[in-house]
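Architecture and fold: a report
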There are 2 protein chains.
Amino acid sequence: MVDKSHTELASLKTDVLEMGYLARDMLDRSLEALESRDVALAGSIEEDKKRISDQDHEIEQKCLRLIALYQPMAKDLRTIAASMKVITNLYRIGRYGKDIAIVVPDLADAPHVGNLVSIPHMGDLVGGMVTDALVAFEREDLAAIHDIVEREEAVDALRYSIFRECLTYMMEDPKNITRCTNYVMIARYLERCGDHACKIAEKVHYMVTGERIEIR
Amino acid sequence: MVDKSHTELASLKTDVLEMGYLARDMLDRSLEALESRDVALAGSIEEDKKRISDQDHEIEQKCLRLIALYQPMAKDLRTIAASMKVITNLYRIGRYGKDIAIVVPDLADAPHVGNLVSIPHMGDLVGGMVTDALVAFEREDLAAIHDIVEREEAVDALRYSIFRECLTYMMEDPKNITRCTNYVMIARYLERCGDHACKIAEKVHYMVTGERIEIR
């Protein structure tokens, strides 16, 4: 690829990162809205859905254009290929933020059961995984994601413990059932976001080294 | 693109369809295993995870190679771009099949509550959406997916009714809580598979017409 192509590649990466930080922001705000039972904040996330969907489409178009125009090879091609996949993962993370936001109004009419059963903690872990996967993508350096497998396992364990904890609240008092069923779903969404962060890490690994790995 | 490129494009489409039918099969078998509480059948789905992941990677590589080699334009380029996105949706559908299969052992020790609360019916609807999205992709004809929005709405409604029904079973008898929480999750997975079928339909629409639509 010629120099102009490298400018365009850098701009592509900036676009992916911008989309990534929007996805992370949607997730963060949804969890904040959940914790503070803030229906207005939850509603604001719906508006980002169109934006992230547009970014997904525009970046994909840019990738195809770059491939057709410059016929990149080796790492340049892997960067474009990684970008095309990573945006799909980012889109899903943003969507999970929206899914969490959607249930906030149903949960806002009463205090949370059991201090929201570890969901904010799980949210922090997962948010950190997403950010670090983006950092690795930006720097083309695997350092930030070297322990992503362990973090994914911690997230998995947390999801299971939330599930068990919710079961006890539901058994104690049937009034908790609707609320706790929603917590179980949210824990599952967060675990999925962690999974998407791992998928991004896999793509970054492939981009940097040319070697394919399967994290989970 | 020259003639050789069209042969390769046809072969790419065959690969995508093959992956699609594997994804659908993983979903179908997981639901069959769930309904008949067949732990061995559920276990067989785990083995397909590697296969579908390999297909995802190989098809992606093929797409990149075709773009770089032939610099396709217009519909040919859209077909390759659609393929790259569709395989991600298909991969997720297969993964949901695996997610359903994973809980089968936990549910196999006792009969299902409330005739499995409409889950098989929901599975049929969603499976039909996946197949028709693939048919539309194969034939490059939108006929099979003309009513996919209505079907998605029916799936959504069904998910909500399963959720409500499960809540009543959980309130009636705390022994149902673990089991019914799993049903709620499975209904959510199926709704997600329907969502992925819609995303495939969007990509097929773009591939065929060059016009972007947003189904949901």
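Before any of the text, the structure's been laid out above.
I will try to describe carefully the structure that is included in this document. Remember, it's a predicted structure, so these values are computed and weren't measured experimentally.

This paragraph deals with the nonpolar core. The biggest cluster of nonpolar side chains holds 155 residues, and the ones touching the most others in it are Ile119 of chain A together with Ile119 of chain B. Apart from residues no more than four positions distant in its own chain, Ile119 of chain A is found in contact with Leu31, Leu34, Ile162, Tyr183, Ile186 and Leu190 of chain A.

What follows is about the packing of helix 5 (residues 148-172) of chain A against helix 6 (residues 177-209) of chain A. Helix 6 of chain A packs onto helix 5 of chain A with a crossing angle of 175 degrees between their chain directions and a minimal axis gap of 9 Å. Put simply, helix 5 of chain A runs roughly antiparallel to helix 6 of chain A.

Residues and elements named next belong to chain A. Under the definition given, this model contains two aromatic pairs over all chains. Their ring planes at 35 degrees and their centres at 5.5 Å tell us that Tyr96 and Tyr189 sit as a pair that is tilted. Of this pair, Tyr96 sits in helix 3 (residues 74-107) while Tyr189 sits in helix 6, and the two are 93 residues apart along the sequence. Each member of the pair, Tyr96 together with Tyr189, is buried. Lying across the ring of Phe137, Lys13 places its NZ or CZ 5.4 Å from the centre.

Moving on: the relation of the copies chain A and chain B. The transformation that overlays chain A on chain B combines an axial shift of 0.0 Å with a rotation of 180 degrees, and the residual RMSD is 0.0 Å. When the rotation and shift are considered jointly, the pair of chain copies conforms to a two-fold rotation axis. Taking the C-alpha atom as reference, chain A places Ala68 of chain A closest to the rotation axis, 3.0 Å from it. Most of the interface of chain A is mirrored in chain B, where 100% of its interface residues are also at the interface.

Attention shifts here to the packing of helix 3 of chain A against helix 3 (residues 74-107) of chain B. Where helix 3 of chain A meets helix 3 of chain B, the axes come as close as 10 Å, and the angle between the chain directions of the two elements is 50 degrees. When the interaxial angle is binned, helix 3 of chain A and helix 3 of chain B end up oblique. In this structure, helix 3 of chain A crosses over helix 3 of chain B, and the sense of that crossing is right-handed. Contacts between helix 3 of chain A and helix 3 of chain B involve Met84, Lys85, Ile87, Thr88 and Tyr96 of chain A from the former and Met84, Lys85, Ile87, Thr88 and Tyr96 of chain B from the latter.

So, how was this worked out
- Residues numbered from 1 in each chain as written.
- Chains lettered and ligands numbered in written order.
- Predicted model: local features only at pLDDT ≥ 70, side-chain atom pairs only at ≥ 80, totals over all residues.
- Heavy atoms only, no water.
- Core = buried A, V, L, I, M, F, W, Y, C linked by side-chain atoms within 4.5 Å.
- Buried < 20%, exposed > 50% of the residue type's maximum accessible area, 1.4 Å probe, protein only.
- Contact = heavy atoms within 4.5 Å.
- Axes fitted to C-alpha atoms, helices over the stretch in contact; angles between N-to-C directions.
- Helix = DSSP H or I, 4+ residues; strand = E, 2+ residues; numbered from the N terminus.
- Parallel < 35°, antiparallel > 145°, perpendicular 65-115°, else oblique.
- Phe/Tyr/Trp six-rings, centres within 6.5 Å; stacked < 30°, edge-to-face > 60°.
- Lys NZ or Arg CZ within 6 Å of the ring centre and 35° of its normal.
- Least-squares fit on C-alpha atoms with pLDDT ≥ 70 in both.
- Left-handed = near helix turned anticlockwise from the far one by under 90°.

It is worth stressing that arrangement in space is one thing and function is another; only the former is reported here.
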